[in-house]
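So you can see what is in the structure, the chains are spelled out below.
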Amino acid sequence: MENNNPVEDNHTIEEKKGSKWKNLVKKFGIGGIIFFTVKGIITSSLIYFLGKNFWTVISNYFSKIFE
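All values derive from a computational prediction rather than experimental measurement. (Residues numbered from 1 in each chain as written. Predicted model: local features only at pLDDT ≥ 70, side-chain atom pairs only at ≥ 80, totals over all residues. Heavy atoms only, no water.)

(A) Seen up close, the overall build of the protein chain. Looking only at helices and strands, one finds 3 helices and 0 strands in the protein chain. Starting at the N terminus and walking to the C terminus, you meet the elements of the protein chain as α-α-α. In the protein chain, which comprises 67 residues, the share counted as buried stands at 1%. Accessible surface for the protein chain amounts to roughly 6800 Å². Of this, 65% is attributable to carbon and sulfur atoms. (Helix = DSSP H or I, 4+ residues; strand = E, 2+ residues; numbered from the N terminus. Buried < 20%, exposed > 50% of the residue type's maximum accessible area, 1.4 Å probe, protein only. Areas by Shrake-Rupley, 256 points an atom, 1.4 Å probe, with all protein chains shown as cover.)

If you want it as structure tokens, here you go:
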């Protein structure tokens, strides 16, 4: 018995997948992508600036307690 299913090459499979950006736009929309980008920038900057001064704040806190 032969298998009558058509054989798909790699080129047609890639066309069906689409690009990653197109899938994200379909899933979240333009507003969602802008929202998550801004949220990521704000979160990254908060982590950077709070982490930068973290040990200074902690050491000042404990030095004031033990004075």
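Structure's up, so let's keep going.
(B) Structural view of the packing of aromatic side chains. All chains considered together, the criterion is met by 5 aromatic pairs. Here F28 and F36 contribute two aromatic rings whose centre-to-centre distance is 5.4 Å and whose plane-to-plane angle is 70 degrees, an arrangement assigned as edge-to-face. Under the relative-accessibility criterion, F28 is labelled partly exposed at 40%. With a centroid separation of 5.0 Å and an interplanar angle of 75 degrees, the aromatic rings of Y48 and F49 are classed as edge-to-face. F49 gets classed as partly exposed once you look at its relative accessible area, which sits at 48%. Ring pairs connect the aromatic residues F28, F35 and F36, which therefore count as one cluster. (Phe/Tyr/Trp six-rings, centres within 6.5 Å; stacked < 30°, edge-to-face > 60°.)

(C) Fine view of the environment of V25. Inspection of the secondary structure assignment puts V25 in helix α2 (residues 20-52). Filtering out sequence-adjacent residues up to four positions away, V25 remains in contact with I30 and I33. (Contact = heavy atoms within 4.5 Å.)

(D) A nonpolar patch on the surface, seen in detail. Together, V25, I30, I34, V38, I42, L46 and L50 make up a nonpolar patch on the protein surface, roughly 650 Å² of accessible area in all. Along the polypeptide, I34 turns up in helix α2. (Patch = residues over 30% accessible without salt bridge, like charges linked within 9 Å, V, L, I, M, F, W, Y side chains within 5 Å. Salt bridge = Lys/Arg side-chain N within 4 Å of Asp/Glu carboxyl O.)

(E) The arrangement of the confidence of the model for the protein chain in detail. Model confidence for the protein chain is summarised by a mean pLDDT of 78, while 75% of its residues fall at 70 or above. α2 holds the highest mean pLDDT among the elements of the protein chain, 87, whereas helix α1 (residues 10-17) holds the lowest, 56. (pLDDT = per-residue confidence, 0-100.)

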